[in-house]
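Per-entry structural report
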Amino acid sequence: MRVDFYILQGEQRREMLACRLCEKAYQQGHKVFVHADSARQAQELDTLLWTFRESSFIPHRLISPPRQDAVPPAVLIGWAGTGNPEEYPVLLNLAPEVPPFYRKFERIAEIVNQNDEIKSAGRQRFAFYREQGCNLHHHDL
């Protein structure tokens, strides 16, 4: 399993990079499950994906309420307790902890900025993934 850590300088908004990563994955034909920190952050990201770039279109929706008849979008946004979809190979984790279902994904993206709490939680996740034998990559942005 490949895990990419994207390190932002300063306290830049992680949600903006999350949108850019979702856009890139969509353009490459990948489906992304975004695991937000909270329902509030999930809703914010849902709105931001419509507006972060004027010319961008990324099919997405919140995981809740579940829609059995709908075609799965390119990006699905959930948070703790909302479940995890099987058909998404990429996880973009914005939560402070590694989700318990992380092993279902082929690739994981973690976004860390210089906020002390976020940076500390990111270091703990990095150590966890290293202990699990994941293929770790680090990107300074």
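Located above this text is the structure these notes cover.
Here goes a summary of the coordinates provided. (Residues numbered from 1 in each chain as written. Predicted model: local features only at pLDDT ≥ 70, side-chain atom pairs only at ≥ 80, totals over all residues. Heavy atoms only, no water.)

1. Digging into the pattern of salt bridges
Under the definition given, this model contains seven salt bridges. Note that Asp-4 is salt-bridged to Arg-2, the shortest N-O span being 2.8 Å. Residue Glu-44 pairs with Arg-40 through a salt bridge whose shortest N-O separation is 3.1 Å. Residue Glu-44 and its partner Arg-40 are both found in helix α2 (residues 39-51); the two are separated by four residues, about one turn of the helix. (Salt bridge = Lys/Arg side-chain N within 4 Å of Asp/Glu carboxyl O. Helix = DSSP H or I, 4+ residues; strand = E, 2+ residues; numbered from the N terminus.)

2. Details of the nonpolar core
Counting residues in each nonpolar core, the largest one holds 27 residues, and the members touching the most others are Val-34, Val-75, Leu-92 and Ile-111. Those elements that provide at least two residues to this core are α1 (14-27), β2 (32-36), α2, β4 (75-79), β5 (90-93) and β6 (107-112). By residue number, the principal contributor to this core is α1, which donates six residues. With residues up to four places along the chain from it excluded, the contact list for Val-75 reads Cys-22, Val-32, Val-34, Leu-49, Ile-58, Pro-59, His-60, Arg-61 and Tyr-88. (Core = buried A, V, L, I, M, F, W, Y, C linked by side-chain atoms within 4.5 Å. Buried < 20%, exposed > 50% of the residue type's maximum accessible area, 1.4 Å probe, protein only. Contact = heavy atoms within 4.5 Å.)

3. Considering a nonpolar patch on the surface
Nonpolar side chains collect at one region of the surface, where Tyr-26, Trp-50 and Phe-57 lie side by side and expose about 340 Å² of accessible area between them. The topology assignment puts Trp-50 in helix α2. In this structure Trp-50 comes out as partly exposed when scored by relative accessible area, which is 48%. (Patch = residues over 30% accessible without salt bridge, like charges linked within 9 Å, V, L, I, M, F, W, Y side chains within 5 Å. Areas by Shrake-Rupley, 256 points an atom, 1.4 Å probe, with all protein chains shown as cover.)

4. Looking at the environment of Lys-31
In this structure, Lys-31 sits in the loop between α1 and β2. It is 6.3 Å that separates the C-alpha atoms of Lys-31 and Val-90, two residues lying 59 residues apart in sequence. Residues contacting Lys-31, with those up to four places away along its chain left out, are Pro-72, Pro-73, Ala-74, Glu-87, Tyr-88, Pro-89 and Val-90.

5. Quick look at the packing of α1 against α2
To characterise two packed helices, one gives the angle between the axes of the helices and the distance between these axes. At a minimum axis separation of 10 Å, α1 and α2 run at an interaxial angle of 55 degrees. When the axis of α1 is compared with that of α2, the two are oblique. Between α1 and α2 the crossing geometry is right-handed. Of the residues in α2, those touching α1 at Arg-14, Glu-15, Met-16, Ala-18, Cys-19 and Cys-22 are Gln-41, Glu-44, Leu-45, Leu-48 and Leu-49. Per-class residue counts for the contact of α1 with α2 are seven nonpolar, one polar and three charged. (Axes fitted to C-alpha atoms, helices over the stretch in contact; angles between N-to-C directions. Parallel < 35°, antiparallel > 145°, perpendicular 65-115°, else oblique. Left-handed = near helix turned anticlockwise from the far one by under 90°. Nonpolar A, V, L, I, M, F, W, Y, C, P; charged D, E, K, R; others polar.)

6. Comments concerning α1
Here α1 spans 20 Å end to end across 14 residues, near enough to the 20 Å set by a 1.5 Å rise per residue. Taken together, the buried positions of α1 are occupied by Arg-14, Glu-15, Leu-17, Ala-18, Cys-19, Leu-21, Cys-22, Glu-23 and Ala-25. Gly-29 sits one or two positions beyond α1 and adopts a positive phi of about 85 degrees. (Expected span 1.5 Å × (residues − 1).)

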